[in-house]
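An overview of the molecular structure
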Amino acid sequence: MYQCLRLHDFKTDRKYLGITAESYHSHLSFPVMLTNSTNSDGPSPSIDRSAEKGLSSSNPELSTESVVILSIICSLASVSGSIGNSLVILAVSKSESLRSIPDFIISSLACSDLTVCFIYLPLLIFQVTYGNNFFVNTVKRFFGHFSVIASITNMFVITIDRLLAVRFPLKYPIFVTEKVAFSSIAIVWLISLTFGTVYSQELNNPSHHAILTVYTTLLIFGTWAIYAFIFFAAKRQENKVVRPVNPATPPQISVVQQKATKTIFIVVGIYALCWLPSKLIHFFVNPAKNPILFKKSFFWIQAALACNSALNPYVYFIRSERYRKQFTKLLRLKPASDAQ
C-alpha cells in the first residue's frame, strides 16, 4: 500500500508540471493520462474516438462548463499574478527600504511565481481548451518543472531564513549576509534550471521520476515542519524583549523579525492549503478504481497549485506597510491618508 501511494504521489506531482503519464510503464496502477493536453506522444484511444465523432478538441473528461470555468479562473490568476509579482520585483529593485535579506528572497520567489503566472498558466489554458500540441507540451514541461521547483525551493530557503532569524536573533546578521543570500538564490535557480532542462524531455526511467518526487516531497513537508517549529518558537518568545549586544542594531529588531515571520507564515499557510489536496486526493479517490473521477478532480487541483503563485503579492500588500507604500507609488496611486 505504501509503495502504491508513493507511486501515485509522484505521478500527481508530474501532472501539475504538465507531464504525460504515457512515459510510465504499463504495470503502474495509474490512469494512462490525466488530460489529452499533457500527452505529447499522441492522443489516447478515447480521444481518437472523440475526433472521429467530430467532437471538440478540448479535454473529453471535462464538460464545456468546466473548461470555461477553469479557463476563467486560470486567466484571472495569470493576469493578477503577473501584475502582482511584477510589482514585488520592481518594488524590491527600486526601493531602498526593501533591501533586507528576506526581501531579496521574496523577490526571487516572485520571479518564480511570475513564470508560473505569465507563462505556465496560459499554456495550461491553451492545452485544456485546444488540446494536444507537441511544441506547447515541451515548453510547458520545461516551465512547469523550472518554475515549480524554483517556487518550492525559494519557499524552503525563506523558511530557513526565518528559522535562523527567530531561533538565533542576535547571531542572524552575522550568519545571514547578503553574500550568503545571493549565493543561496543562485543555487536555487541553478537547481531549477537543471530540473527544467532534464524533465522537459520524455523520461521513461523510473529512477528519474523518483528523484523529482523525493526532492519535492522533502522540501514541501520540510517547509511545513520547520514553520510549525518556528510558529511555536515565536509564540514562546512573543513577550520577550530582545536586547541586542550590538548597539548599532535597532532595539525593535525582534518586533520587525516577528512581523516578517508572521507574514511569511501566512504565505506558507496558503502554499500548504494549495498543495495539500494533491497529497490527499489518493485517500479519497482511487485512480485505479475510479480514473474518470480522479481525472476530473485533478484538473481543479492542478489549477489550485498554479493559482497559488498569484496570491503571495497580495499577502505582502495587506500585511506589510513597506510593500503597500511601494505598490501605491509604482501604480501612482494616492495613499488613503493623503486623500483625506
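Residues numbered from 1 in each chain as written. Predicted model: local features only at pLDDT ≥ 70, side-chain atom pairs only at ≥ 80, totals over all residues. Heavy atoms only, no water.

**Thoughts on the packing of helix 3 (residues 64-94) against helix 11 (residues 312-319)**
- Where helix 3 contacts helix 11, the axes come no closer than 8 Å and their chain directions differ by 55°. What the angle tells us is that helix 3 and helix 11 run oblique. Contacts between helix 3 and helix 11 pair Ser80, Gly84, Asn85 and Val88 from the former with Pro313, Tyr314 and Tyr316 from the latter.
- Residue composition of the contact of helix 3 with helix 11, by class: four nonpolar, three polar and no charged. (Axes fitted to C-alpha atoms, helices over the stretch in contact; angles between N-to-C directions. Helix = DSSP H or I, 4+ residues; strand = E, 2+ residues; numbered from the N terminus. Parallel < 35°, antiparallel > 145°, perpendicular 65-115°, else oblique. Contact = heavy atoms within 4.5 Å. Nonpolar A, V, L, I, M, F, W, Y, C, P; charged D, E, K, R; others polar.)

**Some words on the packing of helix 3 against helix 12 (residues 321-330)**
- In contact at an axis separation of 10 Å, helix 3 and helix 12 are set at 100° when each is read in the N-to-C sense. If you check the angle between helix 3 and helix 12, you find them roughly perpendicular. For the pair helix 3 and helix 12, contact is made by Leu87, Val88, Leu90, Ala91, Val92 and Lys94 and by Tyr323, Gln326, Phe327 and Leu330, respectively.
- Grouping the constituent residues of the contact of helix 3 with helix 12 by class yields eight nonpolar, one polar and one charged.

**Section: helix 5 (residues 134-167)**
- With 34 residues, helix 5 ought to run about 50 Å at 1.5 Å a step, and its terminal C-alpha atoms sit 49 Å apart, in line with that.
- Of all 34 residues in helix 5, 24 are buried, a share of seventy percent or more. (Expected span 1.5 Å × (residues − 1). Buried < 20%, exposed > 50% of the residue type's maximum accessible area, 1.4 Å probe, protein only.)

**A word on the nonpolar core**
- Tyr271, Trp275 and Tyr323 are the most contacted members of the largest nonpolar core, which has 53 residues in total.
- Formed by 16 residues, the second largest nonpolar core is a distinct cluster that contains Cys74, Tyr120, Ile125 and Phe299. (Core = buried A, V, L, I, M, F, W, Y, C linked by side-chain atoms within 4.5 Å.)

**Here we look at the pattern of salt bridges**
- The tally for this structure, following the rule as stated, stands at three salt bridges.
- In this structure, aspartate 103 engages arginine 322 in a salt bridge whose closest nitrogen and oxygen atoms are separated by 3.0 Å. Taken as a pair, aspartate 103 in helix 4 (residues 101-130) and arginine 322 in helix 12 lie far apart in primary sequence, 219 residues in all.
- The shortest N-O distance in the salt bridge between glutamate 321 and lysine 325 comes to 3.4 Å. Of this pair, glutamate 321 and lysine 325 both sit in helix 12, four residues apart, roughly one helical turn. (Salt bridge = Lys/Arg side-chain N within 4 Å of Asp/Glu carboxyl O.)

**Some details on the packing of aromatic side chains**
- Under the defined criterion, the tally for this structure stands at twelve aromatic pairs.
- Look at phenylalanine 195 and tyrosine 215: their rings are 5.1 Å apart centre to centre, the planes differ by 35°, and that puts the pair in the tilted class. Of this pair, phenylalanine 195 sits in helix 7 (residues 178-199) while tyrosine 215 sits in helix 8 (residues 206-237), placing them 20 residues apart in sequence. By the burial criterion, phenylalanine 195 is buried, and tyrosine 215 matches it.
- Ring plane angle 0° and centroid distance 6.1 Å describe the contact between phenylalanine 317 and phenylalanine 327, whose orientation is recorded as stacked. Of the two residues, phenylalanine 317 is situated in helix 11 and phenylalanine 327 in helix 12; the sequence distance between them amounts to ten residues.
- Residue classification places phenylalanine 327 among the buried residues on the basis of a relative accessible area of 4%.
- Here the aromatic residues Phe142, Phe143, Phe146 and Trp189 are joined through ring pairs into a cluster of three or more. (Phe/Tyr/Trp six-rings, centres within 6.5 Å; stacked < 30°, edge-to-face > 60°.)

**Let's talk about the environment of leucine 330**
- Residue placement: leucine 330 occurs in helix 12.
- Once the C-alpha coordinates of leucine 330 and leucine 87 are considered, the two residues, 243 residues apart in sequence, prove to be 7.5 Å apart.
- Beyond its immediate chain neighbours, meaning those up to four positions away, leucine 330 contacts Leu87, Leu90, Ala91 and Lys94.

**Some thoughts on the UniProt feature "transmembrane region" (unreviewed entry) in the protein**
- Sequence positions flagged by UniProt for "transmembrane region" (unreviewed entry) are, in local numbering, residues 67-92, 104-130, 142-160, 180-199, 211-234, 264-285 and 297-317.
- As a span, residues 180-199 carries 100% helix and 0% strand, and end to end its C-alpha atoms are 29 Å apart.
- Within residues 264-285, the helical portion is 95% and the strand portion 0%, while the C-alpha atoms at the span's ends are 32 Å from each other. (UniProt positions renumbered as here; feature names shortened; annotations may be inferred.)

**Comments concerning the environment of phenylalanine 182**
- Locating phenylalanine 182 in the fold gives a position in helix 7.
- On the accessibility criterion, phenylalanine 182 (41% relative accessible area) is partly exposed.
- Phenylalanine 182 sits 74 residues away from serine 108 along the chain, and the two C-alpha atoms are 9.7 Å apart.

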